[in-house]
Amino acid sequence: MKVEPIILIVEDDEGHAILIRENLEAAGLSNCMLHFRDGQAALDFFFKPGAAAARGPGQVYLVLLDIRMPKVDGIEVLRQLKADPSLRKLPVIMLTTTDDAREVERCHQLGCSVYIQKPVDYDRFAEAIRRLGMFVTLMLVPPVNGN
Amino acid sequence: MTREELLARLSALESVVPPPRGGGDHEAELLAAVTELRDIKAALDEHSIVAITDGAGRITYVNDKFCAISQYAREELVGRDHRIINSRHHPPEFFRDLWTAIGHGRVWHGEIKNRAKDGSHYWVETTIFPRLDAAGRPVQYVAIRTDITRRKADELELQRFTAELAEKNKELEAIVYTVSHDLRSPLVNVQGFSRQLARACEKIRAAAAGAVEGRVPAAALKQPVEEAIPQALRFINAGVTKMEMLLAGLLRYSRLGRVALSIGPLDMDGLIANAVAAMKFQLDEAKAEVRVGALPPCLGDATQTNQVFANLLDNALKYRVPDRPLRIEIGGRVEHGAAIYTVADNGVGIPCEHQPKIFEIFHRLDPDATAGEGLGLTIAQRVLERQRGRIWVESAVGKGSTFFVSLPLGESSVPTQS
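Let us look at the structure shown here. None of the values given here were measured: they were computed from a predicted structure.

Next up on the list: the overall build of chain B. A tally of regular secondary structure across chain B gives eleven helices and twelve strands. Split into buried and exposed, the 418 residues of chain B put 23% on the buried side. When contacts within chain B are restricted to residue pairs at least 6 apart in sequence, those whose partners lie at least 24 apart make up 61%.

Printed below as a string of structure tokens:
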């Protein structure tokens, strides 16, 4: 059984979200992609009552997370995902415009898988997603929804 | 120099000094020496604060400068010890160490904070020189001091400025960080969609190259011409507009720091009435009810303070709850020597975790809900800081927000700490 991870793009800038999606598709990724416009929307997807049931069993996810967003920022989303025992193993790629060393360090401490700075090298970016996608597919089925 | 060396030096000295020839010459020499010593002492008294104590620390002599700075008369000082001017600024160990040094015949240097008769404090740079008897025990202590009160005050001021500067630097760093991020964001779109534009051009070129008999099939052009290119142009234009707006905002913010302030007494009743009148149209349109209480006067720059309150009123309008009439209450009071004004609304309110962020440059809590560049409160904060004022907020989601503005009350009550 091969489950393609659904790619969650958490990004407040509409242009960035389109570029990410188009470049991933151009690189040959055929994964389903969902777009969330801020951190709160992403948290709702995972933590709202009934969210786990709505996601469907056995489904794997990969999160592309911007940092500076209105309402809830990416660092807070990352922190909450990594603090949850059933979501902890979810691969999270921080995708952000800053290269501030403290910010990078903070994200790694919190447990992000990869940190990529925009404007991105889309080839490297697609490669990272492909590998992580393979990784979740092979190793972590079903990582989410397990109690 | 050891004791043995000293004795050897002394005996060597005796052997070279010619024996006194006659009594008259000897007396003349003595007189000359005494005169010289007296003049040196006069010079010392002109420059320094001098006190002499006996071996137990009791004052036996003070010069005029000592009396002047300590505000005590000579009779009040002689016979007492230095505790009379103790400011209690220094810990007991400080004086213990001092006494250990001079008690062992060593010269002591240091800075002491003393208390004058009227309770005011003064700082003296001090040298205490123990005069020893033949056995090497101190019999007298000569203390020579210089008034350094002014220097100490300057040092303190300098420390305060340094801390303030460090704080400002940190703020500036945070602004540069935020702005560089915010400027990069549209740049990513300009770069990314430029590549999309290039790819679309490439498709059109390929279609043109493959044209049969000079005819390019419309189907090959549809995607680039109708979708890719317009989308790319839309985002590139939006990116450029955003960058322009950010730069204009940044310029406005930086200009604020250079505008000369004209600080004077402000009639706040009048100022607020004007600010409300200037927004009458928008307030009426929103059916807003504005209540203004009695406001204490304060010290500030009229134009800039007006801008602060105009911004707060504008925010109350912007973040009102659409399905209930907007109520704004403006009040004022005097607290801890400052005038504190409140602008309270019954609007949407700000969640706790977002409250510290609302003063950050270009920060927008909900960019889709309302227009704005995220600069109003940042500017209000900057404007108030320059007038030695402050702004802060208390808010509850669904109930409304209250903004507090403090400004100095008057000349005499301007806080020394900014």
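What follows deals with the overall build of chain A. Across its full length, chain A carries six helices and five strands. For chain A, the N- to C-terminal ordering of α and β elements is β-α-β-α-α-β-α-β-α-β-α. The buried share of chain A, reckoned over its 147 residues, is 35%. Sequence separation of at least 24 residues holds for 74% of the intrachain contacts in chain A that already meet a minimum separation of 6.

What follows is about helix 8 (residues 268-278) of chain B. Residues and elements named next belong to chain B. Along helix 8, the positions that sit buried rather than exposed are Met268, Ile272 and Ala275. End-on view of helix 8: buried residues confined to an arc of 60°, all on one side of the axis. More than 90 degrees from the buried face of helix 8, the exposed residues found are Gly270 and Ala277. If you follow the buried residues of helix 8, they end up packed against strand 6 (263-266), strand 7 (289-292), strand 8 (298-301), helix 10 (302-318), strand 9 (327-335) and strand 10 (338-345).

All right, on to the interface of chain A and chain B then. Across the boundary between the two partners, chain A contributes twelve residues, which contact 15 residues of chain B. For the side of chain A that touches chain B, the per-class residue count stands at three nonpolar, four polar and five charged.

Residue and element names in this part refer to chain B. Sheet architecture is open: five strands sit in the order 2-1-5-4-3, paired in antiparallel fashion. Sheet topology places strand 2 (59-62) and strand 3 (108-115) at the edges, where each strand pairs with a single neighbour. Strand after strand, the sheet turns through a mean of 30° between neighbouring axes, direction not considered. Where strand 3 lies against strand 4 (residues 121-132), eight bridges are found, and the strand directions are antiparallel. The residue of strand 4 that forms the bridge with tryptophan 108 is isoleucine 128. Where helix 5 (residues 92-103) meets the sheet, it contacts strand 3, strand 4 and strand 5 (138-147), and its direction lies at approximately 140° from that of strand 3.

Procedures and definitions
- Residues numbered from 1 in each chain as written.
- Chains lettered and ligands numbered in written order.
- Predicted model: local features only at pLDDT ≥ 70, side-chain atom pairs only at ≥ 80, totals over all residues.
- Helix = DSSP H or I, 4+ residues; strand = E, 2+ residues; numbered from the N terminus.
- Buried ≥ 20, exposed ≤ 12 C-beta atoms within 10 Å, placed from the backbone.
- Contact = placed C-beta atoms within 7 Å.
- Arc of directions from axis to C-beta.
- Nonpolar A, V, L, I, M, F, W, Y, C, P; charged D, E, K, R; others polar.
- Pairing = 2+ DSSP bridges.
- Axes fitted to C-alpha atoms, helices over the stretch in contact; angles between N-to-C directions.

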